[in-house]
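Spelled out from the first residue to the last, the chains are:
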Number of protein chains: 4
Amino acid sequence: MAQDITNDGVAGEELKQFVERIERLEEEKKGISDDIKEVFAELKGRGFDVKIVRKIVQIRRQDASERQEQEAILELYMQALGMQ
Amino acid sequence: MAQDITNDGVAGEELKQFVERIERLEEEKKGISDDIKEVFAELKGRGFDVKIVRKIVQIRRQDASERQEQEAILELYMQALGMQ
Amino acid sequence: MAQDITNDGVAGEELKQFVERIERLEEEKKGISDDIKEVFAELKGRGFDVKIVRKIVQIRRQDASERQEQEAILELYMQALGMQ
Amino acid sequence: MAQDITNDGVAGEELKQFVERIERLEEEKKGISDDIKEVFAELKGRGFDVKIVRKIVQIRRQDASERQEQEAILELYMQALGMQ
DNA sequence: CGCTTAATATAGCCAC
DNA sequence: GTGGCTATATTAAGCG
């Protein structure tokens, strides 16, 4: 348990496990970020404008989250009206 | 090809492929971020101090990049001194 | 006040003051950047290696911020241990 | 001279002077950056939208540099035509 | 002038 | 829910 950290190393071992899990996940995340960069490099090589494609992705993301929000509101209203 | 973008939709199709690849990768990335959050929640539940664990992870990351940096400096100096 | 911005120009005047203050400051900043460039040009003219001097400045900056960081970590741990 | 750097410390002293000049200038620059941040904080406190004001400043900057460019071109043309 | 690194701006997260 | 802080994304600068 965490309070043992200064006593017998038991919590130390547990902490180490957590830290390493986090580090593995962050590495994976970094790998994916690198993949995304590669895709941008590729589309640039194909003659597309990186800045604009970035903008498009951003707009689509916003639109998606707005749509979700709309649906959430709809659901809320329907619940309020006993329609669901 | 990208220049066809306003003509016949060929580039439009290619662009769509790229955008979708990016979106898939970003989703994966988001999933991993969520996993990391879960790990922090878990270790918090086990009695560890989230802020400090975050700091530990950050320090280990810095140490790693510092080691790389040292090597880069060494190389730079060796180049400057014509030793390489 | 800012909400008047579409009404009577009062906020417009205030905004203008802010924007001009920012622009003056950015000009000053640009001037200093130019001064720094001049110093690098000068030391280059004196036979020093610009790239390496840049690195030295960067390292000194990092060292300073690392020292601060160490203190921050110490404080964090002391807080966590209820020593403060 | 810079080549003495490994010999007698003369160049070392000169280098130190340069580094310190750069550091002083970078501090000044940082001070101004902080001032700019303060102005943004202030205008935010007055009810203005920071992001939008930033955009305005950026646009004005672009316009200014475009105007300068136009003038440079004009001058060039006038010179080419022997009008100046 | 394009490509890589540094500075800045934005967004997300956590604590209060 | 607001404000500070960290992390990410964007933009600018420097270098070859």
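Residues numbered from 1 in each chain as written. Chains lettered and ligands numbered in written order. Predicted model: local features only at pLDDT ≥ 70, side-chain atom pairs only at ≥ 80, totals over all residues. Heavy atoms only, no water.

As a matter of local geometry, DNA strand F sits amid K29(A), K51(A), R54(A), K29(B), R61(B), K37(C) and R54(C). Each atom of DNA strand F within 4 Å of the protein was assigned to sugar, phosphate or base; sugar and phosphate come to 100%. In this structure, a phosphate oxygen belonging to DNA strand F sits 2.9 Å away from a side-chain N or O atom of K29(B). Side-chain polar atom of R54(C) to a phosphate oxygen of DNA strand F: 2.5 Å apart, as the coordinates give it. (Near = heavy atom within 4 Å. Polar contact = N/O pair within 3.5 Å; in protein donor to acceptor, adjacent residues only side chain to side chain.)

Let's shift gears to the protein's contact with DNA strand E. Contacts to DNA strand E come from K44(A), K37(B), K44(B), R54(B), K29(C), Q58(C), K51(D) and R54(D). Between DNA strand E and R54(B), the relevant distance is 3.4 Å, taken from a phosphate oxygen to a side-chain nitrogen or oxygen of the residue. Within the residue set of the surface near DNA strand E, elements represented by two or more residues are α1 (10–45) of chain B together with α2 (50–80) of chain D. Broken down by class, the residue content of the surface near DNA strand E amounts to no nonpolar, 1 polar and 7 charged. (Helix = DSSP H or I, 4+ residues; strand = E, 2+ residues; numbered from the N terminus. Nonpolar A, V, L, I, M, F, W, Y, C, P; charged D, E, K, R; others polar.)

Residue and element names in this part refer to chain A. Domain assignment breaks chain A into domain 1 (7–47) and domain 2 (49–84). With centres defined by C-alpha atoms, the gap from domain 1 to domain 2 works out at 29 Å. With 4 residues of domain 1 at the contact, the number on the domain 2 side is 4 residues. Between domain 1 and domain 2, the buried area comes to about 360 Å², and carbon and sulfur atoms account for 81% of it. Ranking the residues of domain 1 by area buried against domain 2 places F40, L43 and K44 at the top, with a combined share of 89%. Linking domain 1 to domain 2 there are 0 salt bridges. Joining domain 1 to domain 2, the criterion identifies 0 residue pairs in polar contact (both at pLDDT 80 or more). (Domains from an automatic or database assignment. Contact = heavy atoms within 4.5 Å. Buried area = accessible area lost by both parts, 1.4 Å probe. Salt bridge = Lys/Arg side-chain N within 4 Å of Asp/Glu carboxyl O.)

Before going further, it helps to spend a moment on the interface of chain B and chain C. Listed as interface residues are 13 residues of chain B and, on the opposing side, 13 residues of chain C. Buried area between chain B and chain C, both sides added, is near 1200 Å², and the carbon and sulfur share of it is 69%. The largest share of the area that chain B buries against chain C comes from I52(B), K55(B) and L76(B), three residues that together contribute 38% of it. Put simply, chain B and chain C have 2 residue pairs in polar contact (both at pLDDT 80 or more) between them. Residues of the side of chain B that touches chain C, tallied by class, amount to 7 nonpolar, 1 polar and 5 charged.

Between the two copies, chain B and chain C, the superposition gives an RMSD of 0.2 Å; the rotation angle is 180° and the shift along the axis is 0.1 Å. What the superposition gives is, in effect, a two-fold axis relating one chain to the other. Taken together, the interface assignments show that 100% of the residues at the interface of chain B recur at the interface of chain C, consistent with an identical surface on both copies. (Least-squares fit on C-alpha atoms with pLDDT ≥ 70 in both.)

Moving on to the UniProt feature "domain: GapR-like DNA-binding" (unreviewed entry) in chain A. Annotation from UniProt places "domain: GapR-like DNA-binding" (unreviewed entry) at residues 12–82 of chain A. Counted over residues 12–82 of chain A, helix gives 92% and strand 0%. Its end C-alpha atoms are 53 Å apart. (UniProt positions renumbered as here; feature names shortened; annotations may be inferred.)

Time to look at the packing of aromatic side chains. Under the counting rule described, the total for this entry stands at 4 aromatic pairs over all chains. Look at F18(A) and F48(B): their rings are 5.9 Å apart centre to centre, the planes differ by 75°, and that puts the pair in the edge-to-face class. Of this pair, F18(A) sits in helix α1 (residues 10–45) while F48(B) sits in the loop between α1 and α2 (50–80), placing the two residues on different chains. The same class applies to F18(A) as to F48(B), namely buried. Positioned over the ring face of F40(A) is R54(A), at 4.4 Å from the centre of the ring. (Phe/Tyr/Trp six-rings, centres within 6.5 Å; stacked < 30°, edge-to-face > 60°. Buried < 20%, exposed > 50% of the residue type's maximum accessible area, 1.4 Å probe, protein only. Lys NZ or Arg CZ within 6 Å of the ring centre and 35° of its normal.)

Turning next to the relation of the copies chain D and chain C. The two copies are related by a screw motion: chain D maps onto chain C through a turn of 178° and a shift of 0.4 Å along the axis, at an RMSD of 1.2 Å. Of the interface residues in chain D, 100% have counterparts in chain C that sit at the interface too, so the contact is made through matching surfaces.

So, on to a positive patch on the surface. The grouping of K51(A), K55(A), K51(D) and K55(D) at the surface amounts to a positive patch. Mapped onto the positive patch, the elements with two or more residues apiece are α2 (50–80) of chain A together with α2 of chain D. Here K51(A) is to be found in helix α2. (Patch = residues over 30% accessible without salt bridge, like charges linked within 9 Å, V, L, I, M, F, W, Y side chains within 5 Å. Areas by Shrake-Rupley, 256 points an atom, 1.4 Å probe, with all protein chains shown as cover. Lys, Arg positive; Asp, Glu negative; His and termini not counted. Charge placed at Lys NZ, Arg CZ, Asp CG, Glu CD.)

Bringing α2(B) into the picture now. With 31 residues, α2(B) should cover 45 Å at 1.5 Å per step; its first-to-last C-alpha distance of 44 Å lies within 8% of that length. Restricting attention to buried positions, one finds in α2(B) the residues I52(B), V53(B), K55(B), V57(B), E69(B), I73(B) and L76(B). (Expected span 1.5 Å × (residues − 1).)

What follows deals with the interface of chain D and chain C. The partner chain C presents 33 residues to the 32 residues of chain D that form the contact. For the pair chain D and chain C, the summed buried surface comes to about 3200 Å²; carbon and sulfur atoms form 70% of the total. Three residues, F18(D), I22(D) and F48(D), lead the burial of chain D against chain C; their summed loss comes to 18% of the area buried on that side. Linking chain D with chain C are 8 salt bridges, by the criterion used here. The partner of E14(C) in a salt bridge is R46(D), and the shortest N-O contact between them spans 2.4 Å. Summed over the shared surface of chain D and chain C, the number is 10 residue pairs in polar contact (both at pLDDT 80 or more). If you list the elements that add at least two residues to the side of chain D that touches chain C, you get α1 (10–45) and α2 of chain D. Residue composition of the side of chain D that touches chain C, grouped by class: 18 nonpolar, 3 polar and 11 charged.

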